[in-house]
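Listed here are the chains, written in short residue letters.
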Amino acid sequence: MKVIILSEALNELLLRSFSGSQVQGYLLGKRTGQGLFVERILVLSWRQLLNSEFFFQVEKNQGKEILGVFSLNSKSRELKKVLNPLFYEKIFLNLATKTGQELRPEVYLVNFDHRFFFEPLGQIIMEMEVADD
């Protein structure tokens, strides 16, 4: 499975990474075959992000599928909040950075086998679209 982060979502993630602060939210986009195309991000508090009613309302109102969750510079105890039925077979994009440095992405699938766990995924493509002249 490939995770492709398109330019709009990538630009916002990069912009937020410059602050060095902790940010999390939904990854919105579409699935096609073996690819997940992240078109947008929606920044949320952990409380909103974990609310199942809000989750389904976002999908309905945005017209895009919630592909998963991203977390930028979050503490490890917060990351485990994603290991629940709401995010089963959704991706988890963990991004770490130090102010002024490159993003270090790690992508996982939230899976279940007697317990929820993060299954590492092999390929993430961070795509910068080139403007047509």
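Up top is the structure.
Residues numbered from 1 in each chain as written. Predicted model: local features only at pLDDT ≥ 70, side-chain atom pairs only at ≥ 80, totals over all residues. Heavy atoms only, no water.

Participant: I tried to follow the sheet that holds strand S6 (residues 104-112) on my own but got confused; where do I start?
Facilitator: Strand pairs in the sheet, formed through backbone hydrogen bonds, run parallel or antiparallel to each other. Taken in spatial order, the eight strands make up an open sheet running S7-S6-S5-S4-S2-S3-S1-S8, and their pairing is mixed. Either end of the sheet is taken by a strand with one partner, and the two such strands are strand S7 (116-120) and strand S8 (123-126). If you compare each strand with its neighbour and ignore which way they point, the axes differ by 35° on average. When strand S5 (residues 91-96) meets S6, the two strands line up antiparallel, connected through six bridges. Note on S6: the bridge partner recorded for Asn-94 is Glu-106. Contacting strand S1 (2-5), strand S2 (23-32), strand S3 (35-44), strand S4 (65-72), S5 and S8, helix H1 (residues 7-17) crosses the sheet at an angle of about 40° to S3. Against the sheet, helix H3 (residues 52-62) makes contact with S2, S3 and S4, and its axis sits at roughly 50° relative to S2, the strand it touches most. (Pairing = 2+ DSSP bridges. Helix = DSSP H or I, 4+ residues; strand = E, 2+ residues; numbered from the N terminus. Axes fitted to C-alpha atoms, helices over the stretch in contact; angles between N-to-C directions. Contact = heavy atoms within 4.5 Å.)

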